Structures are given as structure tokens and as C-alpha cells.
Amino acid sequence: MSVVGLLKARALSAIDAHRAEFLQISATIHSQPELAFQEYKSSALLCDVLEQHGFTVERGIAGLPTAFRAAMHGVGDGPTIALVAEYDALPEIGHACGHNIIGTAAVAAGVGVKAVMDELGGRVVVIGAPAEEGGGGKVILVERGAFADVDAAMMVHPSTYTLVNRASLASMRLTVEFTGKASHAAAAPDDGINALEAVILTFNNVNALRLHLKSDARIHGIITHGGTAVNVIPDYAAAVFSVRAATQTYTEEVLRRVIQCAEAASMATGAQLKYSITPGYKAMIPNVLLGRLFADNWRAIGVEVRDALFNERMGSTDFGNVSQVVPAIHPYIAIASTDVVGHTVEFRAAALSPAGNEGLINAAKAMAMTTIDLLANPALVQDAKAELAATRERR
Ligand SMILES: [Zn+2]
Ligand SMILES: [Zn+2]
């Protein structure tokens, strides 16, 4: 066996030796779901475990009390590889996105790599990232420099497919508000200016636009204010749109055209338009080199994995922002059959099932093995960075 092969075998044994401990951590996080930025118990639990395993832990980083960073140094210089943990839950249905698996897998991978850090240069860091489901913890972490000294980053997400190289959509939010003029809806409609009609026209204009958009564009909205009484012409109405596409550039272009839809509605009705834009998550750039290493490691431990399809379905994640600044991967691991959908009670059950546990351990192993590949051969990290630079230029 090669030197790297021997190091990987040691890391895998270390993960297997602590298997029961890791599964207990995952079950504990699953049983005490905590919402965005309130993940105090889950974050403390992961920090405690990392400390027990010899990591130097900083609790509360980048001004976020439930974010953390745990570092383990090797012998001598080398790259810094980040394993990213999530541990937030959803309102009402708890861990229906399986972030208990993500958080535990990152910690388990760190413990695996730790077993061989006496033979490798560089560092492995576990970065605890709160609030993926709302709040964008990683957007803040990236902005405040938590990834500034990181050379490559990885995390895994439970799913119903095991695959690498899936991208994610860039997303932005647009709030539109129309102000008209109230009037009696039957006795004096000609005196009124209908703000609700402006919102309805905005939706209709957007629907007319859809045919002319590229297939990756997504526009979905809700009406947040639509009037207060049926016999009063609404003088105020508002809507929020989420606009997404495969690239930041195209997302901004689609957003501009949605604003034009609202401007046209304003002109048609006479209602005054005010709008505001909220930047969302950036598109994920899956690093192909890192994805290939990860898939090879998964296959080596018997996991079947495929590449994302050309037209793979996708959402958005704040890990997209990480992938724009460092080479990064976000592979998916199947923990349920393909008829189960994320964010449901069925998926929540899968996150604590034998398949979920198996997925967690296998994901941790592949992360540990890929980290060892990178620390043992830092030239790979340079190649991954060159790939990111070239990909960013093409966009
Ligand atoms: Zn989710
Ligand atoms: Zn998720």
C-alpha cells in the first residue's frame, strides 16, 4: 500500500473506533432541533467533542455566538483544509434537512484526519457554520474573513442521490411596494388608484417574461399585502420575489427585467413603485478536481456515486459563497429512496435511520480521505485553486 493509502487506512480505523460516539452526537442534535443562530446546544456539543479529541477550539467567531472554528496542526507547513459543519434545523419540522448528519460528519472527518496529523504538514480546521436555512451564516463568515486562510473547503449534504459536482443557483430577493389612492370601491372607483392591480400586473408581466428566459432562471413570488377591505380600493400592496439563476450575472439581469415588469405595472396603474433588493446566496462552483478525488475515495470504500447531470435539479445554499472564494465541494449522499423529498417529516426520519447513519459515516470517511490527499500532496490544492480562478473568469 502507498504511504497515502496507509494514512487513509489509519484515519478510517479512527472513525470506525468512534462510530458509536458519532452516531450518538447525530442523534442528540436531531433530538434537540435549534433554529438559525440559536444553535447553542448543538454548537457546544460539537465543540466539546472536538476539544476532547485535542482540537484547539474557538467558540463564537466572526461575531456569531454559535459559529466556531476548531484547528489541528500537522508537522510543518502546508495547506489549510476546512471541513464545514451545519447544525441548524427548520421551524416546526426540526431536522428535516438532516443537518445533524452534516455537523457530525465534519467532526468525525476531523477526528479521522487527526489520527494522521503527526505525519502531515498543514492544518485541518472544522468550521461551524450556523443558519443555513435562513440567515446565511456562511455569507457572514465569508464576509468577515473566516475563510481567509483556508485553501480548500468541503462539506456533505444528505439527499436521495449520492453525487458530486452539483452546482447551486445564485439567488436574490426583490421586494416591491406600490402606493396608490384609497377610494370607495363601488361609489367612487374613478377616484382611486389601485395598488393591488399593480402587484397583479407585475406577476402577469413576469409570466409574460418567462418564455424568454434561459431554462436555469427561476422567479417565484408571494403577495405580502393585498389590501384590507373588499369595498376599499387598496392604496398599498406589496410582493416579494425570489430570483435565481445559474450565474450571478444572469441572476442580476433577470432581476433587472423583473424590476422593469414592476415599473411597467406602475406606469399602467399610476401606483407609485418603491423596491428594494436583498442579495441572497451566490451560485456554487463545484471544484471538479476536488469532486473527482472525493468520488474516488467514496468508491474506494464501496459507495456508488455519480456526477451531477447536465440538468440536475438544484436550489441555493450559502456554501455557494464559500465556493466563490476557495476551491470547494458540496457532495450529496443518499440517505433515503428517491421518492422522499427534503424538508419533510419522511426526510427527518431518514436523517436518524440506519441509512442516515451509514451515509454519515461514509461521508466522514470520504472527507477525511480527501483531506489526506490534499495535505499529502499540496500541489493538488494549487491545481484546485487554478481551476477555480479559470472557472470564475469564464462566468
Ligand atoms: Zn434545507
Ligand atoms: Zn440543508
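Residues numbered from 1 in each chain as written. Chains lettered and ligands numbered in written order. Predicted model: local features only at pLDDT ≥ 70, side-chain atom pairs only at ≥ 80, totals over all residues.

**Overview of the sheet that holds strand 8 (residues 170-179)**
Two modes of strand pairing occur in sheets, parallel and antiparallel, and in both the strands are linked by backbone hydrogen bonds. As a reminder, the rule being used: Strands were regarded as paired on the criterion that DSSP finds at least two bridges between them. Only DSSP runs of H or I with at least four residues qualify as helices, and only runs of E with at least two residues qualify as strands; both kinds are numbered from the N terminus onward. Note on definitions: angles span 0 to 180 degrees between N-to-C directions of axes, and those axes are lines fitted to C-alpha atoms, for helices only across the stretch in contact. The contact criterion used is a C-beta to C-beta distance within 7 Å, with each C-beta placed from the backbone.
Taken together, the four strands give an open sheet; going across it, the order is 9-10-8-11, and neighbouring strands pair in antiparallel fashion. Edge strands, defined here as strands with exactly one partner in the open sheet, are strand 9 (218-225) and strand 11 (272-279). On average, adjacent strands in this sheet sit at an angle of 20° to one another, irrespective of strand direction. Relative to strand 10 (residues 236-245), strand 9 runs antiparallel, the two being bridged by seven bridges. Looking across to strand 10, one finds that H220 is bridged to S242. In the packing of helix 6 (residues 195-210) onto the sheet, contacts are made with strand 8, strand 9 and strand 10, and the angle to strand 10 comes to roughly 20°.

**Thoughts on the sheet that holds strand 13 (residues 328-329)**
In space, the six strands of this open sheet follow the order 1-2-4-3-5-13, with mixed pairing throughout. Whereas interior strands pair on both sides, the edge strands pair on one side only; in this sheet they are strand 1 (56-61) and strand 13. Both strand 3 (residues 80-85) and strand 4 (residues 123-128) contribute to a ladder of six bridges, which runs parallel. Across the sheet, residue I81 finds its bridge partner in strand 4, namely V124. Contacting strand 2 (64-73), strand 3 and strand 4, helix 4 (residues 99-114) crosses the sheet at an angle of about 150° to strand 3.

**Considering the packing of helix 2 (residues 19-31) against helix 11 (residues 354-376)**
As a reminder, the rule being used: Angles are sorted into four bins: roughly parallel if under 35 degrees, roughly antiparallel if over 145, roughly perpendicular if 65 to 115, and oblique for all others. Handedness of a crossing is defined here by the sense of rotation of the near helix relative to the far one, left-handed for an anticlockwise turn of less than a right angle and right-handed for a clockwise turn. The residue classification treats Ala, Val, Leu, Ile, Met, Phe, Trp, Tyr, Cys and Pro as nonpolar and Asp, Glu, Lys and Arg as charged. All others, Gly included, are polar.
Axis separation between helix 2 and helix 11 bottoms out at 11 Å; the angle between their running directions is 120°. Classed by the angle they form, the pair helix 2 and helix 11 counts as oblique. For the pair helix 2 and helix 11, the crossing hand works out as right-handed. In this structure, helix 2 uses R19, F22, L23 and S26 to contact helix 11, whose residues at the interface are N357, L360 and I361. When grouped by side-chain class, the residues that make up the contact of helix 2 with helix 11 number four nonpolar, two polar and one charged.

**Overview of the packing of helix 3 (residues 40-52) against helix 4**
Packing of helix 3 against helix 4 leaves a shortest axis separation of 10 Å and a crossing angle of 10°. Comparing the axis directions of helix 3 and helix 4 gives the class roughly parallel. Along its contact with helix 3, which presents S42, L46, V49 and L50, the element helix 4 presents G103, V107 and G110.

**Side note on unusual backbone geometry**
Defined as follows: Partly exposed residues are those whose C-beta has more than 12 but fewer than 20 other C-beta atoms within 10 Å; with 20 or more the residue is buried, with 12 or fewer it is exposed, and the C-beta atoms are placed from the backbone.
One non-glycine residue with positive phi stands out, namely E92, at about 70°. Mapped onto the elements, E92 comes out in the loop between strand 3 and helix 4. Look at E92 and you get exposed, because 8 C-beta atoms sit within 10 Å. The phi dihedral of N165 falls on the positive side, at around 70°, and the residue is not glycine. Tracing the sequence through the fold places N165 in the loop between strand 7 (163-164) and strand 8.

**Quick notes on the nonpolar core**
Basically, it comes down to this: By convention in this section, buried Ala, Val, Leu, Ile, Met, Phe, Trp, Tyr and Cys residues joined through C-beta atoms within 7 Å make up a nonpolar core. Residue ranges assigned to each domain were obtained from an automatic or database domain assignment.
If you look at the biggest cluster of nonpolar residues, it comprises 120 residues, and the most contacted ones within it are V84 and A105. A total of 11 residues in this core trace back to one element, the largest contributor, which is helix 11. Composition of this core by domain shows at least three residues from each of domain 1 (3-168 + 283-394) and domain 2 (171-279). When neighbours within four sequence positions are excluded, V84 is seen to be in contact with A106, I127, A129, A153, M154, M155 and F319.

**A few points about helix 7 (residues 248-269)**
Spacing of three or four residues puts side chains on the same side of an α-helix, whose turn is 3.6 residues. The test is simple: By this rule, a helix spans an expected 1.5 Å times one less than how many residues it contains.
Compared with an ideal rise of 1.5 Å per residue, which puts 22 residues at 32 Å, helix 7 spans 32 Å between its outermost C-alpha atoms and is within 8% of the ideal. Every buried residue of helix 7 is accounted for by Y250, T251, V254, V258, C261, A262, A265, S266 and T269. Just downstream of helix 7, G270 is the residue with a positive phi angle, here 85°.

**Observations regarding the environment of T338**
For T338, the location among the structural elements is in the loop between strand 14 (332-334) and helix 10 (345-350). The exposed category is assigned to T338, around which 9 C-beta atoms lie within 10 Å. Taking the C-alpha atoms as reference, T338 lies 5.1 Å from T160; in sequence the two are 178 residues apart.

**Some points on helix 3**
With 13 residues, helix 3 should cover 18 Å at 1.5 Å per step; its first-to-last C-alpha distance of 18 Å lies within 8% of that length. Restricting attention to buried positions, one finds in helix 3 the residues S42, S43, L45, L46, C47, V49 and L50. The inward-facing, buried residues of helix 3 contact helix 2, strand 1, strand 2, strand 3, helix 4 and strand 4. Immediately beyond the C-terminal end of helix 3, within one or two residues, lies G54, with a positive phi of roughly 95°.

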